[in-house]
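# Coordinate analysis (summary)
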Amino acid sequence: MSKNLVIVESPAKAKTIEKFLGNDFRVLSSMGHIRDLVEKGIGIDFAHDYAPVYEVSPDKKKIVSELAKAAKSVETVWLASDEDREGEAIAWHLYQVLKLNDNNTKRIVFHEITRDAIIKAIHNPRTIDLNLVDAQQARRVLDRIVGFELSPVLWRKVKPSLSAGRVQSVAVRLIVEREREINNFAAEANYRVTAIFTTKDKTGKPVELRAELPVRFKTKEEAKAFLEHCKTAQFSIANIVKTPAKKSPAPPFTTSTLQQEAARKLGFSVAQTMRVAQALYEAGKITYMRTDSVNLSDLALKTAKAEITNYYGEKYHKFRQYATKTKGAQEAHEAIRPAYINTHTIDGSAQEKRLYELIWKRTIASQMADAQLEKTTIYINISDSKQQFQATGEVIVFDGFLKVYLESTDEENVNDEQQILPEIKIGEGAENEVITAQQRFSQRPPRYTEASLVRKLEELGIGRPSTYAPTISTIQNRNYVEKGERPAEKREFTELELKKGKISEKTKTENTGAEKAKLFPTSIGIVVTDFLTEHFPDIMSYDFTAKVEDEFDEIAEGNKKWTKTIDVFYKKFHPIVENTLETSERQSGERILGKDPKTGKQVSVRIGRFGPIAQIGTSDDEDKPVFASLLRDQTIETLTLQEALDLFKLPREAGEYEGKPMKVAVGRFGPYILHNTKFYSLPKTDDPMEVSQQRAIEIIEAKREAEKNKIIHDFGDIQVLNGRFGAYIKFNDANYKIPKKTDPKTLTKELCKEIVAAQPEVKPKAKRAKTKK
């Protein structure tokens, strides 16, 4: 019989820790939080100082029973949940629900799941930090108040079934405001002048120089006048300036920078990065992944030095200690790094290997020497002109940390290509081979990616490491924001070229504006943002949201009482809610687009009961108005009259198949094909206005094939099915994972029942009411 019970949040973490402790320790998992605010009602007792009303989740009752039984049979219970506020709250809830006592309960924390870290934690236990618990409760209670009180306002004033959140609504506002910046942006044209010269190097050998004029011309006439001057001008090397430069490595990863860099280098979503990092942490391969610290432990610094010296040499090492600049940094005491820095690669899934490699490289590079560069600029005189062409080049003298790693950026269309300049003499003549003046355009503000949105939230002090990923997932799940793509558009530009003493003019085309994995606000996201900004300016204020985070930090440090923070907020917030319900008008974001040329009736666009719609006619007309749903990439804010009229061309027939018509239409859940009473969703890449008969047949057959392959086994009440993330078992309207090493094709009904019985009780999924398309 074990004398000690260690409770952690996840089975994977339990399995790793169990390897480091002897037979006297039993490690069990709580499977995350065991209780939360009650689902029915607001779950807050306003009459008793905002006391939270908690309940054990129905799916956790069996786990709680098992933990309680195990706790009674041991001498000491060790609460080993994560070291941030959420982990501290899990430990406190376990203490309360399991009715533990101070005499035999110890709280332990560790930043990495290694043998040394676990043993050290066992030797240095502490009590539950109630300040951290209070900070977590304050966040939970405040967010419940905001969501519970704002959501009914949105139901009545905008659209049923909407919801609002304190941090999420502000994140959506950022995306909406950026979209409006883009819509209102007017590109300004100018002319960039580049040239190719031939000259001689110091040995007399002919060499080529690519150069650029440092100023741009606003008009074609100015650019042409400059080229006219260059027709007869003489060119010579006026000066050569060499300057040493250096590049320094980026600090080790925080949660925010890991999410950003994994998006840029690996193409991971923010949520995907956190899932993979969680798995690496729980397997004991990296340190804790929710942190805003860039500090490295003494042991990590020593190990990094040994690795760098051993693999690259002494000159590549440079001791660095980074200071955390993030406001309110508190989640953990060390950056994200490999648990064992001398382990360069790991076993695991492809995603785990790639993310681990990224973390290892960033950690090692942070302790390496600067890269030494030499930047050279050659200035080329133009006779009878104050202008000078400049040829620039960069040479890496010593690669330093670049041998291992270089941080990416979010900048679009960045060209880092550098030419290596030849050794030439001042005063040497130069002949122009070609001088080009190309029309360029100012760039509109970039749309947010998940990574750049995280960076902006961190910059504004909104949210903390534990909230970035849930916030971004929530705003997409609520259909306020969509992650999508937009194809490039053709754009014409003018190019003037001086070659062999003659100036020619051409009109060329280029692709511009392509978007990939960018965040776009939906119509409902725009209308909700406008409504909340008008009636709840404090909630939607960036400064207010950041100030609340600062107050949570003060609570965590024991400098402020959490109930006081809630009280001050609620007494100001609640009257505004009541006033808005009583006095504000319903908001649909309606825009009048013009008249229907066929009927002369008004054409408008607005938010309807099931989403954004175009409408011909009004309720005052003798005939009822007719409606059409907007397409995926359309919003009520930018829809034109012609685009609205085109929507009424749907539904349209795309021909016949198997003797039945194929009707293309747009419904509540997007474009679809109706064939023989069955619905087939159109892929995002297909335009419902242009789907041909052949394409419609392909879509129908593809879905039939997918449905045929979906069922692996059908045992009546139990099914083995193929899903988006692999095979799974379906039983009583709930889904169960199949163990990794089990071949789904070999499963019998009895084996399926064993797998179901071995897993925690799962709530059946709520069935969504069917609606006509």
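Scope of this entry: the structure provided in the associated data block. Since the model is a prediction, treat every value here as computed from it, not as a measurement.

So, how was this worked out
- The written sequence of each chain sets the order in which its residues are numbered from 1.
- Side-chain atom pairs in this predicted model are given and counted only at pLDDT of 80 or more, local residue features only at pLDDT of at least 70, and totals for whole chains, interfaces and linings cover all residues.
- The side-chain figures draw on all heavy atoms in the structure; neither hydrogens nor water molecules are used.
- Put simply, two rings from Phe, Tyr or Trp (the six-membered ring, in Trp's case) pair if the centres are within 6.5 Å, and we call them stacked under 30 degrees between planes, edge-to-face over 60, tilted for the rest.
- Under the scheme applied here, a residue whose accessible area is under 20% of the maximum for its type counts as buried, over 50% as exposed, and between as partly exposed, the area being computed with a 1.4 Å probe on protein chains only.
- Comment: elements are numbered from the N terminus, with helices defined as DSSP H or I runs of at least four residues and strands as E runs of at least two.
- Contacts: residue pairs with any heavy atoms within 4.5 Å of one another.
- Criterion used throughout: strands pair if DSSP finds at least two bridges between them.
- Inter-axis angles, ranging from 0 to 180 degrees, are taken between N-to-C directions of lines fitted to C-alpha atoms, where helices are fitted over the stretch in contact.
- Think of a nonpolar core as a cluster: buried Ala, Val, Leu, Ile, Met, Phe, Trp, Tyr and Cys residues, connected wherever their side-chain atoms sit within 4.5 Å.

Once that is clear, we can look at the packing of aromatic side chains. Aromatic ring pairs are described here by two measures, namely the spacing of the ring centres and the angle between the planes. Counting across every chain of the model gives 18 aromatic pairs. Measuring from ring centre to ring centre gives 5.2 Å for Tyr-672 and Phe-679, while their planes differ by 70°; the resulting arrangement is edge-to-face. Accessibility expressed as a relative area gives 7% for Tyr-672, which makes it buried. In this structure Phe-679 comes out as partly exposed when scored by relative accessible area, which is 33%.

With that settled, consider helix α13 (residues 468-477). Within α13 the residues assigned to the buried category are Tyr-468, Ala-469, Thr-471, Ile-472, Thr-474 and Ile-475. Contacts made by the buried residues of α13 are with α6 (166-183), α8 (255-266), α9 (270-282), α12 (450-460) and β15 (481-486). One or two residues past the end of α13 sits Asn-479, with phi positive at roughly 65°.

As a further point, take the sheet that holds strand β8 (residues 105-107). On the basis of which strands lie adjacent, the open sheet formed by four strands has the order β2-β1-β7-β8 and parallel pairing. Each edge of the open sheet carries a strand with a single partner, namely β2 (25-29) and β8. Across the sheet, the mean angle separating the axes of adjacent strands is 25° when strand polarity is ignored. Sheet topology note: the strand β1 (residues 4-8)/strand β7 (residues 76-79) ladder contains four bridges and is parallel.

Right, let's get into the pairing of strand β24 (residues 660-667). Examined bridge by bridge, strand β23 (residues 652-657) and β24 share four bridges and lie antiparallel to one another. From the neighbouring strand, Glu-656 faces β24, where its bridge partner is Pro-661. In this structure, the hairpin formed by β23 and β24 is closed by a connection of two residues, where Glu-658 is found at a positive phi of approximately 60°. The pairing of β24 with strand β25 (residues 670-675) spans six bridges and is antiparallel. Looking at the pairing, Gly-667 lines up with Gly-670 of β25. Linking β24 to β25, which pair antiparallel, is a turn of two residues.

Time to look at the nonpolar core. Among the nonpolar cores identified, the biggest contains 127 residues, and Phe-110 and Leu-355 are the most heavily contacted of them. Looking at which element gives the most residues to this core, the answer is helix α5 (residues 130-157), with ten residues. Ignoring any residue separated from it by four or fewer positions in sequence, one finds Phe-110 in contact with Lys-13, Ile-17, Ala-80, Glu-83, Ala-117, Ile-118, Ala-121 and Tyr-281. Ranked by size, the runner-up nonpolar core spans 28 residues in total, among them Phe-197, Ala-223, Ile-380 and Leu-498.

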